[in-house]
Every structure is written in C-alpha cells, then in structure tokens.
Amino acid sequence: MSYTLVVFDWDGTLMDSTNGIVAAIQGACRDLDLPVPSASAASWVIGLSLESALRRAVPELTQAMVPRFLERYRTHYLLRDPELRLFDGIENLLVALADQQVRLAVATGKSRVGLNRVLASTGLRDAFQATRTADETFSKPHPAMLHELMQELQVEPERVVMVGDTSHDLQMACNAGVHGLGVAYGAHSPQELHGCQPQAVLDSVAALHEWLLPRVSA
C-alpha cells in the first residue's frame, strides 16, 4: 500500500538548523555560567520540546533559571536565524510530492510561534495541510502529534510515513503505529536511527526524493 500522508520533522530534516540549535544551547549555558554540554549531547535532544530538551542537555538548570535560560537561548538562536536555510532539494521534493496529490504535514519540537515564523520566512505555509508543535500537545516520542494529524486528515496509520532525523521522530512513529523513515544528514547518527527499525535510513535529500516518490499516491 502506498503512502497518502507524509509527515516531516522540521529541524534537521527540512531545515539545516542543527548547528544553530546546538550553538544556542551552548551559548545560553555560558551566559548563565552553567556547564556547557558537548555538541553531541546538545544535538541529541533536538526534536524534543524545548523544556524537555533542556532537562536532558542541561541537568543543572533549575526551574527558577528556566525563563532566563529560554530568553538567552532564543537570543542566540535568532542571531543565527539569517543563516538558516532549507536543505538543498527540499523545496523540489515538496513540489514533487504535491504533484502526486499526497498530503503533507509537519510534526516538530518547535513552538507554534517558532514554526509559524519559519513557515512564513521560507514561503512554505501553504505546502502543508496540517502541522503540530510541541507546545500544542505531547512532546516526541509520545504519539499524540501523529494521532492528531491522522485524525485531522482522516488517514489510516498504514498509509502514513514519518520522516525525521532523530530517534525521537522514529520512536514516535513506532508508538503511533506508522512507518518511520530516517535521514542521516541531521542530528542523530545512522546507528541511532537504525535502532528504531525504520523503513530505511537515507543520507541525502536526493536519496529521500528517490525513495519516497515511487511509494506515494493520492
């Protein structure tokens, strides 16, 4: 059975923002004199809701420090915002999928404000029929985002594939009873992605395009 709904993660899957997120976490830690996590530790939490991510990446962060930390994180992230771009080939992929009358959605650890901002800046607001963010429902790997998207768009689980660059994305797919598809050009290693038993782990947007197009239909 071919897929009629393709759900994408955002950071590290559609947008080349992994390094910006890591730098923002590390910069906020320096500003608050907290231990600075390694790049690998900071990148591992990408895809989770921001507060869930911070609890993992910065365990020394107290609840009282969270508002200040978030303010410094957002400052560092927005300073790099002009550098952030969609991965090469993503726009062509979305157009090709739309030409097949496939429904497209986003399930992201970003906030609604953050997702709306990047949808506007990239011109992709109308590319997706539905979106979910981590501040609207449960954070990954809880299946709620995918359950809600399937209910909204009236698509059966067996006709859904979740595309993501982290084990959080692929574990969410498993928890929701849908197929997962890993991309190895983002935050998590191929080994971590393979551990979630996805349909495949692909190393480029070109390979993602080649894999997806024959497997989708209206």
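In the block above lies the structure referred to throughout.
Because the structure is a prediction, the values reported are computed rather than measured.

Enquirer: Where do I start with the packing of aromatic side chains in this structure?
Expert: Describing an aromatic ring pair means giving the distance of the ring centres and the angle of the ring planes. All told, the structure shown has four aromatic pairs when counted by the stated rule. Their ring planes at 25° and their centres at 6.4 Å tell us that Tyr3 and Trp211 sit as a pair that is stacked. Separated by 208 residues along the polypeptide, Tyr3 in the segment before strand E1 (5–8) and Trp211 in helix H10 (residues 205–212) bring together distant segments of the chain. Measuring from ring centre to ring centre gives 6.1 Å for Tyr73 and Tyr77, while their planes differ by 15°; the resulting arrangement is stacked. Taken as a pair, Tyr73 and Tyr77 lie in helix H4 (residues 66–79) at a separation of four residues, close to a single helical turn. The residues Tyr73 and Tyr77 share a single accessibility class, namely buried. Lying over the aromatic face of Trp211, Arg215 brings its terminal NZ or CZ to 4.1 Å of the ring centre.

Enquirer: Help me understand the sheet that holds strand E6 (residues 201–202), please; the structure alone is not making it clear to me.
Expert: Sheet strands associate in pairs through backbone hydrogen bonding, adopting either a parallel or an antiparallel arrangement. Taken together, six strands build an open sheet; the order of strands is E3-E2-E1-E4-E5-E6 and the sheet is parallel. Each edge of the open sheet carries a strand with a single partner, namely strand E3 (130–133) and E6. Contacts from helix H8 (residues 167–176) reach strand E2 (103–108), strand E4 (160–164) and strand E5 (179–183), with the element oriented near 165° to E4. Against the sheet, H10 touches E1, E4, E5 and E6, its axis set at about 155° to E5.

Enquirer: Please clarify how the side chain of Thr133 should be interpreted in this entry.
Expert: Mapped onto the secondary structure, Thr133 falls in strand E3. At 2.6 Å, the side chain of Thr133 and the side chain of Asp135 are in polar contact.

Enquirer: What should I look at first to understand the pattern of salt bridges in this one?
Expert: Between side chains of opposite charge, a pair can form as their charged atoms come close. According to the stated counting rule, one finds nine salt bridges in the structure shown. Where Glu152 meets Arg132, a salt bridge forms, and the shortest distance between an N and an O atom there is 2.9 Å. Placement of Glu152 in helix H7 (residues 144–153) and of Arg132 in strand E3 is noted, with a sequence separation of 20 residues between them. Look at Arg132 and you get buried, because its relative accessible area is 16%. In this structure, Asp169 engages Lys140 in a salt bridge whose closest nitrogen and oxygen atoms are separated by 2.6 Å.

Enquirer: Teacher, can you tell me more about unusual backbone geometry here?
Expert: Among all residues save glycine, negative phi is the norm, and among peptide bonds the norm is trans. Between Lys140 and the following residue, Pro141, the backbone shows a cis peptide bond with an omega angle of 5°. Relative to the helices and strands, Pro141 is located in the loop between E3 and H7. The phi dihedral of Asp33 falls on the positive side, at around 55°, and the residue is not glycine. Summarising the element assignment, Asp33 is placed in the loop between helix H1 (18–31) and helix H2 (39–44). Positive phi is not limited to glycine here, since Gln101 has a value of about 65°. By relative accessible area, Gln101 is classed as exposed at 57%.

Enquirer: It is not clear to me how helix H6 (residues 112–122) should be interpreted in this structure. Could you clarify?
Expert: Count 3.6 residues to each turn of an α-helix, and residues three or four apart come out pointing the same way. Those residues of H6 lying buried are Gly114, Leu115, Val118, Leu119 and Thr122. The buried residues of H6 occupy one face: seen down the axis, they fall within an arc of 130°. What points out from H6, more than 90 degrees from its buried face, is the exposed set Val113 and Ser121. On its buried face, H6 is in contact with helix H5 (90–99), E2 and E3. Looking one or two places after H6, you find Gly123, whose phi comes out positive at around 75°.

Definitions and cut-offs
- Residues numbered from 1 in each chain as written.
- Predicted model: local features only at pLDDT ≥ 70, side-chain atom pairs only at ≥ 80, totals over all residues.
- Heavy atoms only, no water.
- Phe/Tyr/Trp six-rings, centres within 6.5 Å; stacked < 30°, edge-to-face > 60°.
- Helix = DSSP H or I, 4+ residues; strand = E, 2+ residues; numbered from the N terminus.
- Buried < 20%, exposed > 50% of the residue type's maximum accessible area, 1.4 Å probe, protein only.
- Lys NZ or Arg CZ within 6 Å of the ring centre and 35° of its normal.
- Pairing = 2+ DSSP bridges.
- Contact = heavy atoms within 4.5 Å.
- Axes fitted to C-alpha atoms, helices over the stretch in contact; angles between N-to-C directions.
- Polar contact = N/O pair within 3.5 Å; in protein donor to acceptor, adjacent residues only side chain to side chain.
- Salt bridge = Lys/Arg side-chain N within 4 Å of Asp/Glu carboxyl O.
- Arc of directions from axis to C-beta.

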